[in-house]
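Structural characterization, general
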2 protein chains.
Amino acid sequence: MPEPMEVRRRIALLRSAMPAAGCAAYLIPASDPHTSEYMPAHYNAREYFSGFPCENSTLVVTKDKAALWVDGRYFVAAEAALRGTGIDMQRLNTAGTPTVEAYCAAALLPGEALGYCPDTLPLTIQRTLRAALAKKGTTLKALHLENALWQENRPALPATPAFLLSPQQTGKAPGEKLALLRAALVEAGCTAMLENRLDCVAWLCNLRAADIPDTPYALAFCWVTQQNAVLFLDTSRLPAADQAMLAAEGFSLRGYGALNRYFGAEGAAASGCEKAVPVCPCEGSCAVLGRETVLADPSSLTAAQYDLLAAQPGFTVVEKPDPILLLKAVKNETELACTREAHLRDAVCMVRFQRWLEGRLASAAPLREYDCCEALYALRSVDPAFVCLSFAPIAAWGPNAAMMHYMPQKGQDGPIERRGFLLVDSGTTCRDGTTDITRTYAVGPLTDEEKENYTRVLKCHIDMAAAVWKAGATGGELDMLARQPLWRHLLDYRCGTGHGVAHVGSVHEGPQSLRPHNGTVFCPGMVITDEPGLYEGGAFGIRIENELECRDAGDSEYGHFLCFAPLMWVPIDTAPVLPALLDTTELAWLNAYHQQVYEKLAPRLNDEERTWLRAKCAPLGV
Amino acid sequence: MPEPMEVRRRIALLRSAMPAAGCAAYLIPASDPHTSEYMPAHYNAREYFSGFPCENSTLVVTKDKAALWVDGRYFVAAEAALRGTGIDMQRLNTAGTPTVEAYCAAALLPGEALGYCPDTLPLTIQRTLRAALAKKGTTLKALHLENALWQENRPALPATPAFLLSPQQTGKAPGEKLALLRAALVEAGCTAMLENRLDCVAWLCNLRAADIPDTPYALAFCWVTQQNAVLFLDTSRLPAADQAMLAAEGFSLRGYGALNRYFGAEGAAASGCEKAVPVCPCEGSCAVLGRETVLADPSSLTAAQYDLLAAQPGFTVVEKPDPILLLKAVKNETELACTREAHLRDAVCMVRFQRWLEGRLASAAPLREYDCCEALYALRSVDPAFVCLSFAPIAAWGPNAAMMHYMPQKGQDGPIERRGFLLVDSGTTCRDGTTDITRTYAVGPLTDEEKENYTRVLKCHIDMAAAVWKAGATGGELDMLARQPLWRHLLDYRCGTGHGVAHVGSVHEGPQSLRPHNGTVFCPGMVITDEPGLYEGGAFGIRIENELECRDAGDSEYGHFLCFAPLMWVPIDTAPVLPALLDTTELAWLNAYHQQVYEKLAPRLNDEERTWLRAKCAPLGV
């Protein structure tokens, strides 16, 4: 992280450019042209100007103040990091903290403008801001100050080698997915769509790369009509065979930077081609745009992309959810079979990691958190199908684990003492699946309170994993089941119970989510994490996480029922469990889970490991 | 019920009047000018023309057919009753059954019309019908055929003695409620409202009567502006002192039938008063209507009432939910204190009923279901505060209990054999509260399966009653908690887990409801039933029901928490319970509940009853 003085310099630079640009405040979101959650460093102006690395935050610089909104995961770290920078930390979604739009509206005088870059600002945020500012007689102004002011040492646009996953890994070739998408567009009353989300482009084309740390996607866009499909991607990155394959599947290729030209100079102007609408008989090779009813998902597109589509003379823009999100979230049988296998291999890594950890704990030599990260990387990266980690691993001892997304850095990590809990949250992406698993290990003596808290979190995990429900239930309804063991004691965790996971992709995927009020209906084939926790600032953090798949549970005269099944099979530390606090159903689930862990992993382990595993999987309370 | 031939005659009468009236089909909903769930016999044209008594149904008569839509509660009974009438039974919300609007659209030729009475048709149904018919080039036509054809022996409009509950029973005088309503209207951006719902008028004016069986309301409307409040009610029914009280609280009174004149001849024409808008300085006594922004709840108003409001030159109609619904659903401290006391007195009745039942079961004399209804009425009606039963009681033995809303009639009831279960669902309305309680009693030997089913239903009841949640959860989210013990075995009940109950009013109240996907957020002071069940056609029915109140559970660093507390304290039959199937939490809840039942009721019982109660409340599994 840069020194506070350097952050002050960057903020001052931005502030000094504002008057000439015609704005009295400037907003930088954590976003890129793909409205990515995880983005390439090239686009991370929010981090550059605030100096603080985190997800899901927003920087606002006014004439005399600067403020950074961070979510609950970062309250502790941001407070320390922002000291001396002149930036005030704002606690996102916390009583007493103004919303970004209320803050901006209050900071401007009537007639003044808030500047922003339309190339990266999500359309939804633009709309919220515009409505809030209009009430105060202030406005939004599209500018590109971060591009103008952040050139020196700015990381280049990434262009890592790209590749296509095979249908044996994805279950469907790009052409089949294209047909599904086109049908979904018609179903939604539309003919065309601009796909700017990297995860959705990756799904559609079976395309992967390493443009973003721990997220195996390539910078790209897709424009799909009923006749044409154009992939905007630096083709130099893709092997010729893969290029030919995409062409055979119905995709034409253009450069990543050609999108605006396609819809602008080449498209909208369109004077070079005189062919009639609705579709030019040249089948898109001339890039002339016909009449299209374009599906636009306001929560995916940037402000600039929406305006680009709306400006095309032949286009009618219809706002609907991106149909790829749901197509992608429901995994097919091939994807599920691959994912199950990837999880079993990762389970073996986790078993070996735990044995390594126990060995280190048994010796007197000092042990630090980052040692765990290195050990995990060593175990995972030797897999022949290894692509990348699914995120930077968290190994957090004691109070560090209370910071929900604490990530130890080499040389800045804490020691692992031989008492209390060590929380390890990690995962991997192989060519057949993406994993995300958390175990909390007792690394020495525990207090009764620690055992009680651990057991409560375990109850939450089990109550979610063991749920059975009538088809039609939403994530918000199901989330309710996980929290009862904590809510009964007025305890809670300040996050969802679980998030979707993409297939060989981002570790966060929507629209399904186990989270209060989420309205997505769960379907067989959806993958979700189950990761309740309990976090006490300055004291401890406990989390137990498996990925689950949603499955059919059967039919009866009452209808069709669904359930979850674990994808991950790794022992859950039973040393801290107080069996008397477990209900019979919960105890039965835990013992059955451990029996299956043993049965599934034993054939993949050596004798010594098998003996160890048998002890770890011993049933409780019998 | 009339003979099939008589029903044929009535349908033929209606059919023969259609051509002259200019319609090719006619629809009669189960509704009245107050869109009531339970309505006075005077308005029940649907029952008159179809001959079949039930709730929630619709009759459609076409040139050559007639059809009656009934819900799942009535499939068996309606099939038998409609035999020979020429009316086809349609199973509501069942695959393969057309919707009412699809049926009507299919029955009409382009240019033909569907007739209906706008005075009773709910606006929402009018809109659905209009949209469906428009697609086929057919239309709706407002007629009043049922009024014209149903005069002989038609029950008169009821005009039972009306009375006002005191602020000691309601916590708020009508004037205070009027102020709350006016503030809520302003909050919703409106100035005025026409209240046609009987339960809402009853709440606003503290008005009660006996116009509808088991539902203590008076036929009335209210028109409320920021300056005026007019109660449309047959004033001859209300004691002079109550009339004076309402006048003092700010209500002027007009006849029940004066509503149309008020907005029509007196209002809209308005030439008699030349005073300027927005409000005539005569303050409403001249009945001239000023400019008003009128809140109209489409799910409350009839088609005619909406048109009446929309036709007023000075009115702007804004569609929003009726604010009284939520004001009424959240009970104040006085209402809750009264309700708790009413429930304790009713609990004593239930204890005495169970002792009576056990006495009868112990003798060899035959016992029939209706005997239970009579015994309950005898116990409840002697309460000095007794107003009416809250609904016709259900006492259903064995297979009869599988019909969820089976109601035994004198002389048409079944015998109670000395085996299996007897389900008794009943309640009372006193001047201090309305109760609704179900117990399922073992009346002889039980099979293991019966015990298992009973225990599962009990688990559902307890899991709901013991819920603790972070404020903000909806009824749909909470409903999830109740069903797990059944869903795990692919079992379910085909209804909500619970419904709201009005204060000294209708036994069904919204908007709160424990039911999949219900979106109302639960608030402290809401009253709800908790009544999961299990029903196997031809075999058995099990239901265990208490009313619960929603309460604050406390605050922590994680926010504000809510919970339920039972309002009803009556032993739950433990004879059928398999304690091994109860989780520790469930067993603890049951034993704590029974301990409180004993403590709360003992002081109200004689020695013999107390001894009996102590045995019924003995803890399980300890």
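Quantities reported herein were computed from a predicted structural model and do not represent experimental measurements. (Residues numbered from 1 in each chain as written. Chains lettered and ligands numbered in written order. Predicted model: local features only at pLDDT ≥ 70, side-chain atom pairs only at ≥ 80, totals over all residues. Heavy atoms only, no water.)

So, on to the interface of chain B and chain A. Each partner contributes to the interface: chain B provides 34 residues, whereas chain A provides 34 residues. Buried area between chain B and chain A, summed over both chains or domains, comes out near 3100 Å², and the portion from carbon and sulfur atoms is 55%. Summed over the three residues of chain B that lose the most area to chain A, namely E477, L490 and Y558 of chain B, the buried surface amounts to 24% of that side. The interface formed by chain B and chain A includes 4 salt bridges. One salt bridge in this structure joins K470 of chain A and D492 of chain B, with 3.4 Å as the shortest N-O distance. Between the two partners, chain B and chain A, sit 16 residue pairs in polar contact (both at pLDDT 80 or more). Every element with two or more residues in the side of chain B that touches chain A is listed here: β21 (468-470), α17 (475-487), β25 (533-536), β27 (546-556) and α18 (584-601) of chain B. (Contact = heavy atoms within 4.5 Å. Buried area = accessible area lost by both parts, 1.4 Å probe. Salt bridge = Lys/Arg side-chain N within 4 Å of Asp/Glu carboxyl O. Polar contact = N/O pair within 3.5 Å; in protein donor to acceptor, adjacent residues only side chain to side chain. Helix = DSSP H or I, 4+ residues; strand = E, 2+ residues; numbered from the N terminus.)

Here the focus is the relation of the copies chain B and chain A. Note on the identical chains: chain B maps onto chain A by a rotation of 179° and an axial translation of 0.4 Å, with an RMSD of 0.4 Å. The symmetry that links the two subunits is that of a two-fold axis. No C-alpha of chain B lies nearer the rotation axis than that of E477 of chain B, which sits 2.0 Å from it. Mapped onto chain A, 100% of the interface residues of chain B again fall at the interface, so both copies present the same surface. (Least-squares fit on C-alpha atoms with pLDDT ≥ 70 in both.)

In this section: the confidence of the model for chain A. All names here are of chain A. For chain A, per-residue confidence averages 93 on the pLDDT scale, and residues scoring 70 or more make up 96% of the total. Of the regions scoring below 50 in pLDDT, residues 265-287 engages in 35 contacts with residues more than four places distant in sequence or in other chains. Our summary of model confidence lists the complex with pTM equal to 0.91 and ipTM equal to 0.90. (pLDDT = per-residue confidence, 0-100.)

On to unusual backbone geometry. The bulk of non-glycine residues show a negative phi, and the bulk of peptide bonds are trans. Residues and elements named next belong to chain A. With an omega dihedral of 0°, the bond running from G510 to P511 counts as a cis peptide bond. Its place among the elements puts P511 in strand β23 (residues 509-514). Of note in the backbone geometry, N153 takes a positive phi value of approximately 60° without being a glycine. One can find N153 in the loop between α6 (145-149) and β7 (163-164).

Attention now moves to the packing of helix α16 (residues 448-465) of chain B against α18 of chain B. Residues and elements named next belong to chain B. Where α16 meets α18, the axes come as close as 10 Å, and the angle between the chain directions of the two elements is 80°. The angle between α16 and α18 falls in the class roughly perpendicular. Every residue of α18 that contacts α16 at L458, K459, H461, I462, D463 and A465 is listed here: E586, W589 and L590. Residues of the contact of α16 with α18, tallied by class, amount to 5 nonpolar, 1 polar and 3 charged. (Axes fitted to C-alpha atoms, helices over the stretch in contact; angles between N-to-C directions. Parallel < 35°, antiparallel > 145°, perpendicular 65-115°, else oblique. Nonpolar A, V, L, I, M, F, W, Y, C, P; charged D, E, K, R; others polar.)

Residue and element names in this part refer to chain B. As for its position among the elements, K177 is in helix α8 (residues 174-187). Although K177 is buried, it forms no salt bridge, and the closest oppositely charged side chain is E335 at an N-O distance of 4.5 Å. Here the side chain of K177 touches N206 through a polar contact of 2.6 Å, side chain to side chain. When neighbours within four sequence positions are excluded, K177 is seen to be in contact with T170, K172, W203, L204 and N206. (Buried < 20%, exposed > 50% of the residue type's maximum accessible area, 1.4 Å probe, protein only. Lys, Arg positive; Asp, Glu negative; His and termini not counted.)

This next bit is on the sheet that holds strand β3 (residues 66-70) of chain B. Residue and element names in this part refer to chain B. Pairing within the open sheet is mixed, and its 6 strands lie in the order β4-β3-β2-β1-β5-β6. The open sheet terminates on both sides in strands that have one partner only, identified here as β4 (87-91) and β6 (139-142). In this sheet, adjacent strand axes meet at a mean angle of 25° when their direction is disregarded. Where strand β1 (residues 25-29) and strand β2 (residues 58-62) come together, 5 bridges link them in antiparallel fashion. Bridge pairing links L27 to V60 in β2. (Pairing = 2+ DSSP bridges.)

Bringing the pattern of salt bridges into the picture now. A side chain with one charge can pair with a side chain of the opposite charge if their charged atoms come near. With the rule as written, the count across this model stands at 68 salt bridges over all chains. Salt bridges sharing common partners tie together R197, D199, K328, K331 and E509 of chain A.

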